[in-house]
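Okay, here's what each chain looks like letter by letter:
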Amino acid sequence: MRILIIEDEAGIVNFLRQGLTEEGFDVDVAGDGETGLQKALAGVYDLILVDWMLPKRNGLEIVNALRSANTRTPAIFLTAKDTVHDTVTGLRSGANDYLKKPFHFEELLERIRVQLRTHETGTMLQAGGITLYPDQHEVLNNGEPVQLTQKEFVLLEYLLRNKDKVCRRNRILEVVWGLDAEHDSGVIDVYINGIRKKLGQPSDGGLIQTIRGVGYIVKDK
């Protein structure tokens, strides 16, 4: 598996290169956005790790250019930009995931594995009669389209990517909203209820099940 790192901070590059190489990945590096984009467009990589703030061309421009060129290689933002607006902007640009610096290598590694598994299966997530296409931003319920808001879509995508695993409330806040565990997690319940209604699911016990005091789990029945 080949991974391209587009990053201009030497310390981070060395840290990532060493860790990923030890995990068996073939790693290539670009130190600026223009070089990174040219390498990414070559289409020889299985996944791209891209910083947001880069010389010559920023990460948003890179991902936008890749998607405009119909390059579907999974891209994960690694960035110090940490507001909810930044997260949403990054995902809307076409990035598949977003991880804020500083981060633990183990978490990054798992996110990479998730993206590689999803990409290998055609970038389609399924559970029950629900099918979600991340690249097309489309959700189908037994073949019928379902209109979700941006945040509902991101939340459902996260749950489906972790099918049959308990998604803890603090992780949902961090991944979907870019917030830490100190924030009120009640917003999650509001969005879960909205998704359930739009999918025609019961308030609990259906596709998205509540684990009291812990979080949620998608069960493929």
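Residues numbered from 1 in each chain as written. Predicted model: local features only at pLDDT ≥ 70, side-chain atom pairs only at ≥ 80, totals over all residues. Heavy atoms only, no water.

**Student:** Looking at this model, I keep getting lost on the environment of Gly-36. Mind explaining?
**Tutor:** In this structure, Gly-36 sits in helix 2 (residues 33–41). On a C-alpha basis, the gap between Gly-36 and Ile-6 in space is 5.5 Å, while along the polypeptide they are 30 residues apart. With sequence-adjacent residues up to four places away left out, Gly-36 is seen in contact with Leu-4, Ile-6 and Ala-30. (Helix = DSSP H or I, 4+ residues; strand = E, 2+ residues; numbered from the N terminus. Contact = heavy atoms within 4.5 Å.)

**Student:** I'm lost on the pairing of strand 2 (residues 26–30) in this one. Help?
**Tutor:** The side chains of a regular strand alternate, first on one face of the sheet and then on the other. Bridge analysis of strand 1 (residues 2–6) against strand 2 gives 5 bridges, and the strand direction is parallel. Residue pairing across strands places Ile-6 opposite Ala-30, the latter belonging to strand 2. The parallel pair strand 1 and strand 2 is bridged by helix 1 (residues 10–22), and the resulting crossover is right-handed. (Pairing = 2+ DSSP bridges. Right-handed = clockwise from strand over helix to strand, strands pointing away.)

**Student:** Can you help me understand the sheet that holds strand 12 (residues 215–218) in this one?
**Tutor:** Two strands in a sheet stick together by hydrogen bonds in their backbones, pointing the same way (parallel) or opposite ways (antiparallel). Overall, antiparallel pairing links the 3 strands, which are arranged 10-12-11 in an open sheet. Edge strands, defined here as strands with exactly one partner in the open sheet, are strand 10 (167–168) and strand 11 (208–211). Strand direction decides the pairing type here: strand 10 and strand 12, joined by 2 bridges, are antiparallel. Looking at strand 12, one finds that Cys-167 is bridged to Tyr-216.

**Student:** Would you take a moment to explain the sheet that holds strand 6 (residues 125–127) for this structure?
**Tutor:** Judged by pairing direction, the sheet is antiparallel, and its 4 strands sit side by side in the order 6-7-8-9 without closing on themselves. The sheet is open, and its two edges are formed by strand 6 and strand 9 (144–145), each paired on a single side. Across the sheet, helix 6 (residues 150–161) is in contact with strand 6, strand 7 (130–133) and strand 8 (138–141); its angle to strand 7 comes to roughly 110 degrees. (Axes fitted to C-alpha atoms, helices over the stretch in contact; angles between N-to-C directions.)

**Student:** Sorry, what's going on with helix 4 (residues 84–92) here?
**Tutor:** An α-helix turns once every 3.6 residues. As a result, residues three or four positions apart point the same way. Every buried residue of helix 4 is listed here: Asp-86, Thr-87, Val-88 and Gly-90. Looking at the buried positions of helix 4, the neighbouring elements they touch are helix 3 (59–68), strand 4 (75–79), strand 5 (97–100), helix 6 and helix 7 (169–177). Directly after helix 4, the chain includes Gly-94, whose backbone phi takes a positive value near 120 degrees. (Buried < 20%, exposed > 50% of the residue type's maximum accessible area, 1.4 Å probe, protein only.)

**Student:** How do you make sense of the nonpolar core when you look at a structure like this?
**Tutor:** Val-139, Leu-155, Leu-156, Leu-159, Ile-172, Val-176 and Ile-208 are the most contacted members of the largest nonpolar core, which totals 28 residues. Residue assignment for this core shows that the elements contributing at least two residues are strand 6, strand 7, helix 6, helix 7, helix 8 (186–199) and strand 12. Ranked by residue count, the leading element in this core is helix 6, at 7 residues. When near neighbours in sequence (up to four residues on either side) are disregarded, Ile-208 contacts Leu-156, Leu-159, Ile-192, Ile-195, Arg-196, Tyr-216, Ile-217 and Val-218. (Core = buried A, V, L, I, M, F, W, Y, C linked by side-chain atoms within 4.5 Å.)

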